[in-house]
Amino acid sequence: MIQLAHVATGALAGRNRSGLRDAFIAGMLTHAAMDVIPHGEVHDDEYELLSGAAGVIAIAARHGWRSPITMGAIGAIVPDMEHLPQKFGIFQPTLFPTHRIKWLHGWETKPLAIPAWVQAVVGGAVIGAFAMTRGRARAGAADRA
Ligand SMILES: [Zn+2]
């Protein structure tokens, strides 16, 4: 899946978690679940890095860094960080379980794969909704501010 889809599903998974660690783990679990769904990719590392970072920052700007929503989003993109050293030619063994299963990726040409543009539109809409509305996860903190 593309990073916008990971950020969006991670935020949704973290939304109802009470603790930050629970939210982070829930986000990571959505990454694995999303990798299993047939999906297209954007083969542009710069776009993926910047859109993922922008998505997390947009959510954190509204909900704070110590929000389960933000932590879920971060947990959902962390697994793909293991690809970064490889991009710079540094050996990094592939550790995340769904990344080790080759046939889960490269679905682009298969008919049932969710196209990257659909992931971008839906993921962007979910991130936008989080960025524009205060969830109940931070309502208490907003009242104290
Ligand atoms: Zn991944």
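Keep in mind that what you see is a predicted model, and the values were worked out from it rather than measured.

Q: How should the confidence of the model for the protein chain be read in this particular structure?
A: Atom-level detail of predicted coordinates should not be read off regions where pLDDT is low. Averaged over every residue, the pLDDT of the protein chain is 89; the share at 70 or more is 90%. For the stretch residues 138-145, pLDDT sits under 50, and the model shows six contacts to residues farther than four places along the chain or on other chains.

Q: Would you take a moment to explain helix 3 (residues 45-63) for this structure?
A: Every α-helical turn comprises 3.6 residues, leaving residues that sit three or four positions apart pointing alike. For helix 3, built from 19 residues, the straight-helix expectation of 27 Å at 1.5 Å per residue is met to within 8% by its first-to-last C-alpha distance of 27 Å. Here helix 3 has its buried residues at S51, G52, G55, V56, A58, I59 and H63. Taken around the axis of helix 3, the buried residues stretch over an arc of 155°, which confines them to a single face. Counted as exposed and oriented over 90 degrees from the buried face of helix 3: D45, E46, L50 and A61. Where helix 3 is buried, its residues contact helix 1 (3-14), helix 4 (68-77) and helix 6 (116-132).

Q: Any chance you could explain the packing of helix 1 against helix 6 here in plain terms?
A: The description of two helices packed together rests on the angle between their axes and the distance between the axes. It is the contact of helix 1 with helix 6, at a shortest axis distance of 8 Å, that shows an interaxial angle of 40°. Between helix 1 and helix 6, the crossing angle belongs to the class labelled oblique. In this structure, helix 1 crosses over helix 6, and the sense of that crossing is left-handed. Of helix 6, the residues touching helix 1 (which contributes L4, A5, V7, A8, A11 and L12) are Q119, A120, G123, G124, V126, I127 and F130. Here the residues of the contact of helix 1 with helix 6 are counted per class, giving 10 nonpolar, three polar and no charged.

Q: I keep staring at the environment of T30 and nothing clicks. Help me out?
A: As for its position among the elements, T30 is in helix 2 (residues 20-36). Considered as a pair, T30 and I77 are 47 residues apart in the sequence and their alpha carbons are 9.6 Å apart. Once residues within four sequence positions are removed from consideration, T30 is found in contact with T9, G10, A13 and A76.

Q: Looking at this structure, how should I read the packing of helix 3 against helix 6?
A: For the pair helix 3 and helix 6, interaxial distance at closest approach is 7 Å and the crossing angle is 25°. Between helix 3 and helix 6, the interaxial angle falls into the category roughly parallel. Here the hand of the crossing between helix 3 and helix 6 comes out left-handed. Here helix 3 contributes G55, A58, I59, A61 and R62 to the contact with helix 6, which in turn contributes I127, F130 and A131. Classifying every residue of the contact of helix 3 with helix 6 gives six nonpolar, one polar and one charged.

About the cut-offs
- Residues numbered from 1 in each chain as written.
- Predicted model: local features only at pLDDT ≥ 70, side-chain atom pairs only at ≥ 80, totals over all residues.
- pLDDT = per-residue confidence, 0-100.
- Contact = placed C-beta atoms within 7 Å.
- Helix = DSSP H or I, 4+ residues; strand = E, 2+ residues; numbered from the N terminus.
- Expected span 1.5 Å × (residues − 1).
- Buried ≥ 20, exposed ≤ 12 C-beta atoms within 10 Å, placed from the backbone.
- Arc of directions from axis to C-beta.
- Axes fitted to C-alpha atoms, helices over the stretch in contact; angles between N-to-C directions.
- Parallel < 35°, antiparallel > 145°, perpendicular 65-115°, else oblique.
- Left-handed = near helix turned anticlockwise from the far one by under 90°.
- Nonpolar A, V, L, I, M, F, W, Y, C, P; charged D, E, K, R; others polar.

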